[in-house]
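# Structural description and commentary
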Amino acid sequence: MSLSMYQASVPVFSHMLGVLSKILDKGAAYAEARKIEPSVLINDRLAPDMLPLSRQVQIAGDMAMRGAARLAGVEFPSNPDIEATFPELQQRITKTLRFLDGISAKRIDGSEEKSITFKLGGDDVTFSGQAYLLNFVLPNLYFHVTATYLILRHNGVDLGKKDFLGGI
């Protein structure tokens, strides 16, 4: 049995955004229990040259949404990066999940050889659909979810591997 492009994308994106949402819930609960201003966690970063938690969440959502849209050949909505609270970051995830729910398998399946071109760092880059999914979107999605996890874990939030895997 083969794995379709849809099966390798949208359900994985949705799962990881669900994981991200639960990780953020734990971060918000931790801040509240410890009387930490939530912005301290939301603006924290692992290294001076890394993006803060808020941007990690925004980029993870953008990777999923843009990835699915490009594979499906549909437009994706613009998301201004203005979220500054845990509830706002959760709303962004919810909005992205709703978008993903609207993309059918029929739109994505068969996109393995589709040419996908977009701007990256000011330059045009082109991938086949399969390479785009496997070598760009999924690694970026996992990277930014992992960075969010690590920022919160570094700050003392009780997170473990099961949280990252989604309670498996």
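Everything below is about the structure printed above this text.
Below is a short write-up of the structure.

Calculation rules
- Residues numbered from 1 in each chain as written.
- Predicted model: local features only at pLDDT ≥ 70, side-chain atom pairs only at ≥ 80, totals over all residues.
- Heavy atoms only, no water.
- Core = buried A, V, L, I, M, F, W, Y, C linked by side-chain atoms within 4.5 Å.
- Buried < 20%, exposed > 50% of the residue type's maximum accessible area, 1.4 Å probe, protein only.
- Helix = DSSP H or I, 4+ residues; strand = E, 2+ residues; numbered from the N terminus.
- Contact = heavy atoms within 4.5 Å.
- Pairing = 2+ DSSP bridges.
- Expected span 1.5 Å × (residues − 1).
- Bend = angle between axes of the 7 residues up to and from the residue.
- Axes fitted to C-alpha atoms, helices over the stretch in contact; angles between N-to-C directions.
- Parallel < 35°, antiparallel > 145°, perpendicular 65-115°, else oblique.
- Left-handed = near helix turned anticlockwise from the far one by under 90°.
- Nonpolar A, V, L, I, M, F, W, Y, C, P; charged D, E, K, R; others polar.
- Salt bridge = Lys/Arg side-chain N within 4 Å of Asp/Glu carboxyl O.
- Polar contact = N/O pair within 3.5 Å; in protein donor to acceptor, adjacent residues only side chain to side chain.
- Phe/Tyr/Trp six-rings, centres within 6.5 Å; stacked < 30°, edge-to-face > 60°.

## Notes on the nonpolar core
Among the nonpolar cores identified, the biggest contains 49 residues, and Phe13, Leu53, Leu100, Ile108 and Val145 are the most heavily contacted of them. Looking at this core element by element, the count peaks at eleven residues for helix α4 (residues 53-72). Each residue touching Leu53, except ones within four places of it in the same chain, is listed here: Leu24, Leu41, Ile42, Asp44, Leu89, Thr148, Ile151 and Leu152.

## Concerning the pairing of strand β1 (residues 115-120)
As defined by bridge partners, β1 adjoins strand β2 (residues 123-128) across six bridges and the pair is classed as antiparallel. Across the sheet, Lys119 pairs through a bridge with Asp124, a residue of β2. The turn joining β1 and β2, which pair antiparallel and follow one another in sequence, is formed by two residues; a positive phi near 60 degrees is taken by Gly121.

## Digging into helix α7 (residues 129-154)
Residues that lie three or four places apart on an α-helix share one face, since the helix turns once every 3.6 residues. Under the 1.5 Å per step criterion, the end-to-end length of α7 is 36 Å for 26 residues, consistent within 8% with the ideal 38 Å. The sharpest bend along α7 measures roughly 30 degrees and falls at Val137, with the proline Pro139 sitting one to four residues further on. Looking one or two places after α7, you find Gly156, whose phi comes out positive at around 105 degrees.

## Details of the packing of α4 against α7
At their nearest, the axes of α4 and α7 sit 9 Å apart, and the two run at 160 degrees to each other. By the angle class used here, α4 and α7 are roughly antiparallel. In the crossing of α4 with α7, the sense of the turn from one axis to the other is left-handed. Its residues placed into classes, the contact of α4 with α7 shows 16 nonpolar, six polar and two charged.

## A closer look at the pattern of salt bridges
One pass over the full model with this rule turns up seven salt bridges. Residues Arg66 and Asp62 are paired through a salt bridge, measuring 4.0 Å at the closest nitrogen-oxygen approach. Placement of both Arg66 and Asp62 in helix α4 is noted, with a separation of four residues, approximately one turn of the helix. Under the relative-accessibility criterion, Arg66 is labelled partly exposed at 31%. By relative accessible area, Asp62 is classed as buried at 9%. Asp81 is the partner of Arg92 in a salt bridge, and the nearest nitrogen-oxygen pair spans 2.9 Å. One end of the pair, Arg92, is in helix α5 (residues 86-101); the other, Asp81, is in the loop between α4 and α5, and eleven residues separate them in sequence. Here Arg92 falls in the buried class, since its relative accessible area comes to 3%. For Asp81, a relative accessible area of 39% corresponds to the partly exposed category. Residues participating in the shared-partner salt-bridge network are Arg55, Asp62, Arg66, Asp81, Glu83 and Arg92.

## A few points about the environment of Asp81
Along the primary structure Asp81 and Met65 are separated by 16 residues, whereas in three dimensions their C-alpha atoms are 14 Å apart. Filtering out sequence-adjacent residues up to four positions away, Asp81 remains in contact with Arg55, Gln58, Asp62 and Arg92. Among the polar contacts listed, one links the side chain of Asp81 to the side chain of Arg55, at a separation of 2.8 Å. A polar contact of 2.9 Å, which involves the side chain of Asp81, links it to the side chain of Arg92.

## Thoughts on the packing of aromatic side chains
Applying the stated criterion across every chain yields a total of seven aromatic pairs. Relative to Tyr132, the ring of Phe118 lies with its centre 5.5 Å away and its plane at 65 degrees, an arrangement referred to as edge-to-face. Pair noted here: Phe118 is in strand β1 and Tyr132 is in helix α7, with a separation of 14 residues, a long-range link. Both residues of the pair, Phe118 and Tyr132, count as buried. Grouped by ring-pair contacts, the aromatic residues Phe118, Phe127, Tyr132 and Phe136 constitute a single cluster.

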